[in-house]
Amino acid sequence: MRISRLAPWAAGLAAAALALIPASATAGQRSAAAPAASTASSASASVDAYYASAEGKTGAALKTALHNIIKTQSTVTYDGVWNALKVTDQDPANPNNVILVYSGRSQSKSTNGGGANDWNREHVWAKSHGNFGTATGPGTDLHHLKPEDVTVNSTRGNKDFDKGGSPVAEAPGSFTDSDSFEPRDAVKGDVARMLLYMAVRYDGGDGFADLEVNDKVNNGTAPAIGRISVLKQWNLQDPPDAFEQRRNQVIYDTYQHNRNPFIDHPEWVNSIW
């Protein structure tokens, strides 16, 4: 069991779960502590059970075990992604808004579309890297789809991820150059874990390309994205927070019924790569 070592994320998951409970249900001060402890224990046990077949494995064996676990999922249509993102990326401080991944801006859910200041569906694993487009499967997998400003999404394009470049307008703290994109610090780990999820989930067995991470940029249409050395740094630099943990749980509970293992176990990144 990993409960003691994973107490920080378990607490975050419990907090995320409690955030979904109506205020009236948690208003009594005397009873608040017991449900919180119970929720943390239940969430931890449930996640441990989900990953039971991966316990004790490392390297390629761990990657294979995780693939076999997370490949069992429901799918969402590309049109359905619009409404799903309004739930998965809801601003905790304003239920009428979503948080844009690179920009960090809180923006009205109703402003999704194609206009310059609208938000649209960003494929963090660029859909041209493996040519899967918007096909149901990798093209609609919520674990790597995020809301983003239309202009910023265009600036990122299909670039790999690396450090450096010039500041990105409308995305404070993000940088880009001719062949790479660097997201703001608060989501560096989120981006890394989304990409690594994709590399484990899609291995060529669904009729789509076998997606892999490598230590290059300019991967073009190859089913690869980089740089893994940088992504590993970002995973350590920016561990999962309550927003990312809640998002993982909502995707699991409501939409796809599979999890991103690197949000639950960020230490598995270095175990595989």
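As the structure is a prediction and not an experimental result, all values here were calculated from the model.

Quick notes on the rules
Residues numbered from 1 in each chain as written. Predicted model: local features only at pLDDT ≥ 70, side-chain atom pairs only at ≥ 80, totals over all residues. Heavy atoms only, no water. Phe/Tyr/Trp six-rings, centres within 6.5 Å; stacked < 30°, edge-to-face > 60°. Helix = DSSP H or I, 4+ residues; strand = E, 2+ residues; numbered from the N terminus. Buried < 20%, exposed > 50% of the residue type's maximum accessible area, 1.4 Å probe, protein only. Lys NZ or Arg CZ within 6 Å of the ring centre and 35° of its normal. Core = buried A, V, L, I, M, F, W, Y, C linked by side-chain atoms within 4.5 Å. Contact = heavy atoms within 4.5 Å. Pairing = 2+ DSSP bridges. Salt bridge = Lys/Arg side-chain N within 4 Å of Asp/Glu carboxyl O.

Novice: Just checking my understanding: could you explain the packing of aromatic side chains for this structure?
Specialist: Each aromatic ring pair is described using two quantities: the centre-to-centre distance and the angle formed by the ring planes. All chains considered together, the criterion is met by 7 aromatic pairs. Centroid distance Phe161 to Phe181: 6.4 Å. Interplanar angle 90°. Geometry classified as edge-to-face. Placement of the pair is Phe161 in strand 6 (residues 160–161) and Phe181 in strand 9 (residues 180–182), with a sequence separation of 20 residues. Comparing Phe161 with Phe181, the two get one shared label, buried. Feature note: the residues Tyr50, Tyr51, Tyr252 and Trp268 constitute an aromatic cluster, connected by ring pairs. For Lys188, the ring lying beneath its charged end belongs to Trp234, and the centroid distance is 5.5 Å. Residue placement shows Arg201 over the ring face of Tyr202; its charged tip is 4.4 Å from the ring centre.

Novice: Could you clarify how one ought to interpret the environment of Gly114 in this entry?
Specialist: As for its position among the elements, Gly114 is in the loop between strand 3 (106–108) and strand 4 (119–123). Remark: the alpha-carbon pair of Gly114 and Asp149, spanning 35 residues in sequence, is separated by 9.3 Å.

Novice: How should the nonpolar core be read in this particular structure?
Specialist: Grouped together as the largest cluster of nonpolar side chains are 41 residues, with contacts concentrated most on Leu66, Tyr102, Trp125 and Phe161. Looking at this core, the elements that each hand over two or more residues are helix 2 (29–50), helix 3 (59–70), helix 6 (188–201), helix 7 (228–237) and helix 10 (268–272). In terms of residue count, the dominant contributor to this core is helix 6 (9 residues). Beyond its immediate stretch of four places on either side in the chain, Leu66 contacts Tyr51, Ala54, Val200, Pro261, Phe262, Trp268 and Ile272.

Novice: Sorry if this is basic, but what is going on with the pairing of strand 2 (residues 94–99) here?
Specialist: Two faces, one strand: in a regular strand the side chains alternate between the faces of the sheet. Bridge count between strand 1 (residues 90–91) and strand 2: 2 bridges; the pairing is antiparallel. Within strand 2, the residue paired with Gln90 across the bridge is Val98. Remark: 2 residues form the turn of the hairpin made by strand 1 and strand 2, two consecutive strands paired antiparallel. Note: strand 2 against strand 3, 3 bridges, orientation antiparallel. Bridging from a neighbouring strand, Asn97 pairs with Ser108 of strand 3.

Novice: I would appreciate a short explanation of unusual backbone geometry in the present structure.
Specialist: Most of the time, phi is negative for any residue but glycine, and the peptide bond is trans. With an omega of 0°, the peptide bond running from Gly226 to Arg227 counts as cis. Looking at the secondary structure, you find Arg227 in the loop between strand 11 (224–225) and helix 7. In the Ramachandran plot, Glu170 falls in the positive-phi region, its phi being about 70° despite a non-glycine side chain. Along the chain, the position of Glu170 falls in the loop between strand 7 (166–168) and strand 8 (171–176). Even without a glycine there, the phi angle at His257 is positive, about 60°. Inspection of the secondary structure puts His257 in the loop between helix 8 (242–255) and helix 9 (261–264).

Novice: What exactly am I supposed to notice about the pattern of salt bridges here?
Specialist: Oppositely charged side chains may form a pair once their charged atoms are brought near each other. One pass over the full model with this rule turns up 12 salt bridges. Where Asp89 meets Lys146, a salt bridge forms, and the shortest distance between an N and an O atom there is 2.5 Å. Of this pair, Asp89 sits in the loop between helix 4 (78–88) and strand 1 while Lys146 sits in strand 5 (residues 145–149), and the two are 57 residues apart along the sequence. Overall, the relative accessible area of 0% leaves Asp89 in the buried class. Its salt-bridge partner being Glu122, residue Arg156 comes within 3.0 Å of it at the nearest N-O pair. With Arg156 in helix 5 (residues 150–156) and Glu122 in strand 4, this pair connects stretches of sequence that are 34 residues apart. Taken as a pair, Arg156 and Glu122 share a single burial class, namely buried.

Novice: I tried to follow the sheet that holds strand 6 on my own but got confused; where do I start?
Specialist: Two pairing modes exist for strands in a sheet, parallel and antiparallel, and in both the strands are linked by backbone hydrogen bonds. Taken together, the 4 strands give an open sheet; going across it, the order is 6-9-8-7, and neighbouring strands pair in mixed fashion. Across the chains shown, the open sheet's two edge strands, defined by having one partner strand only, are strand 6 and strand 7. Bridge count between strand 8 and strand 9: 2 bridges; the pairing is antiparallel. Considered in strand 9, the bridge of Phe175 is made with Glu182.

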